[in-house]
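Next come the chains, spelled out residue by residue.
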Amino acid sequence: MSPLPFPVAVGAVSVALVGSAVWAGLLSGRSALRGPEWALGHARRSVPLLLIVAGLGLVAAVALRPAWVGLTVTYVGALLAWVERSLARTLGRVQQAGGFVPLEPARREAVVGRTIRWLLGAAALVAAVGVLDLGWRGPVAWLDFALALWLVAGALMVRREAARHLRAP
C-alpha cells in the first residue's frame, strides 16, 4: 500500500476539522433558533451517524498511510458523537424536569450573532493560512480557500435561517 501524498493527507485532515467547525456552528445557531426540542431530536439522530464516521476513520487508519489521517477522522467523529450525546442527555433531563423554556429573542439573537462571528473569524483565519500556504505549497493551498468558503457558507446559512426565525410577526 502506497502512502497518501502529504498534501492529500493534510487536506483530508483539514476537511474533517473544518467540517466539525461548520457542524458545531450550524448546531449552535439552529438550536438557538429552532429551540431545545429541535436540538434534542437532532442530537439523538446524529449520534449514530457520527459513530459511523468514527468507525470509517478506524478503517481508514488501518487501510491508509499515514494512519494519522484515519485517526483524525476517528477522533473528530467520536468527539462530535460525545458532544451530541452529552447534549441529548442534558436536554433529556431538562425535559423530564419540567420541560423547555424557549430562549428570549434577545438571547437567541446574541447566540446567533456570536455563532456567525465565530464562523467568519475561523474563515478569516483559514484564508490567512491560505495566503501563507500559497508560498509554501503553491496551488494545493487553494483547498484552504475552499475550506474558508465552507465556513462562510455555514455562517450565511445561520444568518439566512435567523432572518426567517427572528422576523417580526
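Not measured: the values here are computed from a predicted model.

(A) Seen up close, the overall build of the protein. A count of helices and strands for the protein gives five helices and zero strands. In the protein, the succession of helices and strands from N to C terminus is α-α-α-α-α. Once the C-alpha set of the protein is aligned to its principal axes, its extents read approximately 55 × 35 × 15 Å. Considering the protein as a whole, with its 169 residues, one finds that 41% of them fall into the buried category. Expressed as a percentage of contacts within the protein between residues at least 6 apart in sequence, the contacts between residues at least 24 apart total 75%.

(B) Inspection of the nonpolar core at higher detail. Counting residues in hydrophobic clusters, the biggest one holds 19 residues, and the most contacted among them are Val18, Val22, Val112, Ile116, Val126, Leu151 and Val158. Breaking this core down by element, the ones donating at least two residues are helix H1 (6-34), helix H4 (105-137) and helix H5 (142-165). Ranked by the residues each element gives to this core, the list is headed by H4, at seven residues. Every residue in contact with Val112, bar those within four places of it in the chain, is listed here: Gly29, Ala32, Leu33, Val158 and Ala162. If you look at the next biggest cluster of nonpolar residues, it comprises eight residues, including Ala39, Leu40, Ala88 and Phe100.

(C) Layout of the environment of Arg114. Relative to the helices and strands, Arg114 is located in helix H4. Classification of Arg114 as partly exposed rests on a relative accessible area of 43%. Each C-alpha atom, one on Arg114 and one on Ala163, is 15 Å from the other, the two residues being 49 residues apart in sequence.

(D) Layout of a nonpolar patch on the surface. A cluster of nonpolar residues, Tyr75, Leu79, Trp82 and Val83, forms a patch on the protein surface that exposes about 440 Å² of accessible area. For Leu79, a relative accessible area of 37% puts it in the partly exposed group.

(E) Focus on the environment of Leu91. If you trace the backbone, Leu91 turns up in helix H3 (residues 67-96). Classification of Leu91 by relative accessible area gives buried; the value is 12%. For Leu91 and Pro36, which are 55 residues apart along the polypeptide, the C-alpha to C-alpha distance reads 7.2 Å. Dropping the residues within four chain positions of it, Leu91 is found in contact with Pro36, Ala39, Leu40 and Phe100.

(F) Here's a closer look at the pattern of salt bridges. According to the stated counting rule, one finds four salt bridges in the structure shown. One salt bridge in this structure joins Glu161 and Arg30, with 3.1 Å as the shortest N-O distance. Residue Glu161 is located in helix H5, and its partner Arg30 is located in helix H1; the two are separated by 131 residues in the primary sequence. According to the relative accessible area criterion, Glu161 is buried, its value standing at 2%. Residue Arg30 is classed as partly exposed on the basis of its relative accessible area of 21%. Salt-bridge contacts for Arg137 lead to Asp144; the nearest nitrogen and oxygen are separated by 4.0 Å. Residue Asp144 is classed as buried on the basis of its relative accessible area, which comes to 7%. Through salt bridges with shared partners, one network takes in Arg30, Arg34 and Glu161.

What counts and how
- Residues numbered from 1 in each chain as written.
- Predicted model: local features only at pLDDT ≥ 70, side-chain atom pairs only at ≥ 80, totals over all residues.
- Heavy atoms only, no water.
- Helix = DSSP H or I, 4+ residues; strand = E, 2+ residues; numbered from the N terminus.
- Buried < 20%, exposed > 50% of the residue type's maximum accessible area, 1.4 Å probe, protein only.
- Contact = heavy atoms within 4.5 Å.
- Core = buried A, V, L, I, M, F, W, Y, C linked by side-chain atoms within 4.5 Å.
- Patch = residues over 30% accessible without salt bridge, like charges linked within 9 Å, V, L, I, M, F, W, Y side chains within 5 Å.
- Areas by Shrake-Rupley, 256 points an atom, 1.4 Å probe, with all protein chains shown as cover.
- Salt bridge = Lys/Arg side-chain N within 4 Å of Asp/Glu carboxyl O.

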